[in-house]
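Topology and contacts: notes
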Amino acid sequence: MSSNRWSGSTWNNNTSAKHNWPFYHILICGFMCFVIVILEMIVVLLTLKFLNGTFTNEQSGSAPIIITYFGLFICSMVFQFVWAIDANEHRNTFQIIAISIFNILSVFYSILQISQMWKLKFCSTMLTTIADKKNTAEEFIDFQQQCYFNVNIKQDSLIKLSASIKEYIGILDIAKLLEYVIGALMIGACILECYVAYKCFLEYGWEVFRIAGASVAKKKMLQRYHLFLIFLKINIYLFFGVAAQFFFALYFDLKSNGDSKMDPMYLWMVGSIIVLVSILYYVVGYFAANRGNYILMMVFIFLVLCNSMALNFVFYWTYHSANFKHFQATIIGLTSFAVLDYIMVIAIGILSVFLILDFDDGLSEIVSFLQNHKNEVGNEDESQYSPISSRTKSVRTRFEFD
């Protein structure tokens, strides 16, 4: 009967001897992180050089918000690389699948960046066109409706601005070309990553559940636990993205309108608070689930409620008629991040309640055993007994008769 077991450990071992798929997976994710982050940072520097060389703080309006999106894309690449290392170290199929989905979404993000770069150039060249015409009123109204620069219609001012744009527009062309390169690399790397992730899936199977000798009920507990951790990690990234877009959009808009209080220290202070809150949120959630601690989990649920209230505030403040003009430049991206984060918050809240119930059924013992024997995952000969049951039945026997 053991020859028909679904684990296929012999096949897995033979496959691993030929190809080290986990190493390939980490290598691909590392490539995406290292190469694409360097290219993206060059794009950031070029875009900043264009904006600073062409526009004053007031004239740039909300256009610099594009730098925020580049920064979030860089963070996503680092995030998926660290996540890939953790997933392969623990041979966690759930996380491997989640990383592939995350990278597919990142491909769409890279395409979105191309469209954003196109719009920045379109608005810049539109200004030069307006400056070359004598009757500019109609074109200028169209410009104000489509673009987020804060410039006036005075002909002398437009001619001077047009000359600066023509001087620096070549820099923007280089940045746009690099965005195409990034998009192409993302598509190729993502296809390759999904293929290697599939190979890792064939190698890992659901070993993360088998080592604990889990019954169907215990497997479902572990599924909820791993889904909780996956959603928690994504939630952190989305929360950071929402906060960054919200505060940067407000900062650039108010600064372009001459608000003297908009000091760069404001951004550093807000950014530090966001990072600290994110770390606290993750640490509390992780240790609450990992240790089976009721008090920590109740604290985490409170933090989840605070997260949902913060998102409600973002929606209200962004779409309120008096404030909407501050967020026009980022309304699509901010709303998308906020909606996805809201979905994660709801899912995490529901899973938190289930985990509290699972604490009584020994979830913390199963998780502790998995961590203490993580090196034995994939080697059934070394993991003969499960401490979850008082009986000394082997893992193999459990899975043959469960």
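Residues numbered from 1 in each chain as written. Predicted model: local features only at pLDDT ≥ 70, side-chain atom pairs only at ≥ 80, totals over all residues. Heavy atoms only, no water.

**Quick notes on the overall build of the chain**
The test is simple: To qualify as a helix, a DSSP run of H or I must reach at least 4 residues; to qualify as a strand, a run of E must reach at least 2; elements of each kind are numbered from the N terminus. Type-normalised accessible area, obtained with a 1.4 Å probe on protein chains alone, sets the label of each residue: buried when under 20%, exposed when over 50%, and partly exposed for intermediate values. All accessible-area figures derive from a Shrake-Rupley calculation using a 1.4 Å probe, and residue coverage is judged against the displayed protein chains alone.
From N to C terminus, the chain includes 14 helices and zero strands. Written out in order from the N terminus, the α and β elements of the chain read α-α-α-α-α-α-α-α-α-α-α-α-α-α. For the chain, the proportion of its 402 residues judged to be buried stands at 50%. For the chain, the computed accessible surface area is about 19700 Å², with 67% contributed by carbon and sulfur atoms.

**Structural notes on the nonpolar core**
Filter applied, for reference: By nonpolar core we mean a set of buried residues, namely Ala, Val, Leu, Ile, Met, Phe, Trp, Tyr and Cys, connected to one another through side-chain atoms within 4.5 Å. Throughout, a residue-residue contact means that at least one pair of heavy atoms, one from each residue, lies within 4.5 Å.
In this structure, Phe 228, Met 297 and Phe 300 are the most contacted members of the largest nonpolar core, which totals 103 residues. The element contributing the most residues to this core is helix 9 (residues 216-256), with 18 residues. Excluding residues that lie within four positions of it along the chain, Met 297 makes contacts with Phe 228, Ala 288, Ala 289, Ser 352, Leu 355, Ile 356 and Phe 359.

**Overview of the packing of aromatic side chains**
Basically, it comes down to this: Pairs were defined over the aromatic rings of Phe, Tyr and Trp, the Trp ring being its six-membered one, requiring ring centres within 6.5 Å. Orientation was assigned from the angle between planes: stacked under 30 degrees, edge-to-face over 60, tilted for the rest.
The final tally for this structure, using the stated rule, is 20 aromatic pairs. Measuring from ring centre to ring centre gives 6.0 Å for Tyr 282 and Tyr 286, while their planes differ by 20 degrees; the resulting arrangement is stacked. A residue pair is termed a helical-turn pair when its members lie 3 or 4 positions apart in one helix, as Tyr 282 and Tyr 286 do in helix 10 (residues 264-291) at four residues. Looking at Tyr 282, the relative accessible area reads 26%, which means it is partly exposed. Both rings, one in Tyr 286 and one in Phe 287, keep their centres 5.3 Å apart while their planes meet at 85 degrees; by these two values the pair is edge-to-face.

**Focus on the pattern of salt bridges**
Heads up, the condition is: Whenever a carboxyl oxygen of Asp or Glu lies within 4 Å of a side-chain nitrogen of Lys or Arg, that contact is scored as a salt bridge.
Counted according to the given criterion, the structure contains four salt bridges. Taking the shortest distance from any N to any O, the salt bridge between Arg 91 and Glu 203 comes out at 3.9 Å. Here Arg 91 is found in the loop between helix 4 (65-89) and helix 5 (93-131), whereas its partner Glu 203 is found in helix 7 (residues 155-204), with 112 residues between them in sequence. Judged by relative accessible area, which is 18%, Arg 91 ranks as buried. The exposure class assigned to Glu 203 is buried, which follows from its relative accessible area of 5%. With its nearest N and O atoms 2.6 Å apart, the salt bridge here joins Lys 121 to Asp 173. Here Lys 121 is found in helix 5, whereas its partner Asp 173 is found in helix 7, with 52 residues between them in sequence. Residue classification places Asp 173 among the partly exposed residues on the basis of a relative accessible area of 29%.

**A few points about the confidence of the model for the chain**
Spelled out, the test is: Values of pLDDT, the confidence the predictor places in each residue, fall between 0 and 100.
Looking at the chain, pLDDT values average 78 and 75% of them are 70 or higher. Per-element mean pLDDT across the chain ranges from 35 in helix 14 (residues 395-401) up to 91 in helix 2 (residues 21-54). Contacts of residues 1-17 to residues separated by more than four positions or lying in other chains number 21 contacts, the stretch itself having pLDDT below 50.

**Describing the packing of helix 2 against helix 5**
Our working rule: The angle between two axes is taken between their N-to-C directions and runs from 0 to 180 degrees, where each axis is a line fitted to C-alpha atoms and a helix contributes only its stretch in contact. Small angles under 35 degrees read as roughly parallel and large ones over 145 as roughly antiparallel, with 65 to 115 read as roughly perpendicular and the rest as oblique. Left-handed is the label given to a crossing in which the near helix is rotated counterclockwise from the far helix by less than a right angle, and right-handed is the label when the rotation is clockwise. Classes in brief: Ala, Val, Leu, Ile, Met, Phe, Trp, Tyr, Cys and Pro nonpolar; Asp, Glu, Lys and Arg charged; the others, Gly included, polar.
Relative to each other, helix 2 and helix 5 sit at 20 degrees, their axes nearing to 13 Å. It follows that helix 2 is roughly parallel to helix 5 by the angle criterion. Crossing angle aside, the handedness with which helix 2 passes helix 5 is left-handed. Here His 25, Cys 29, Met 32, Glu 40, Val 43, Thr 47, Phe 50 and Leu 51 of helix 2 lie close against helix 5, whose contacting residues are Ile 96, Ile 99, Asn 103, Gln 113, Met 117, Leu 120 and Ser 124. Tallied by class, the residues present in the contact of helix 2 with helix 5 amount to nine nonpolar, five polar and one charged.

**Some remarks on the environment of Leu 112**
Considering the arrangement of structural elements, one finds Leu 112 in helix 5. Residue class for Leu 112 comes out partly exposed when judged on its relative accessible area of 40%. Once the C-alpha coordinates of Leu 112 and Glu 179 are considered, the two residues, 67 residues apart in sequence, prove to be 9.9 Å apart.

**Focus: a nonpolar patch on the surface**
Worth spelling out the cut-off: To count toward a patch, a residue needs a relative accessible area over 30% and no salt bridge; like charges are then connected within 9 Å, while nonpolar side chains (Val, Leu, Ile, Met, Phe, Trp, Tyr) are connected within 5 Å.
There is a patch of nonpolar side chains on the surface, built from Ile 97, Ile 101, Ile 104, Leu 105, Phe 108, Ile 111, Ile 187 and Ile 191 and spanning about 760 Å² of accessible area. Here the element with the most residues in the nonpolar patch is helix 5; it accounts for six residues. With respect to the secondary-structure elements, Phe 108 resides in helix 5. Of the residues examined, Phe 108 reaches a relative accessible area of 55% and is grouped as exposed.

**Brief notes about the packing of helix 2 against helix 4**
Put simply, helix 2 and helix 4 touch, their axes get as near as 9 Å, and they point 165 degrees apart. With respect to their mutual orientation, helix 2 and helix 4 come out roughly antiparallel. The element helix 2 and its partner helix 4 pack so that their crossing is left-handed. Its residues placed into classes, the contact of helix 2 with helix 4 shows 21 nonpolar, five polar and one charged.

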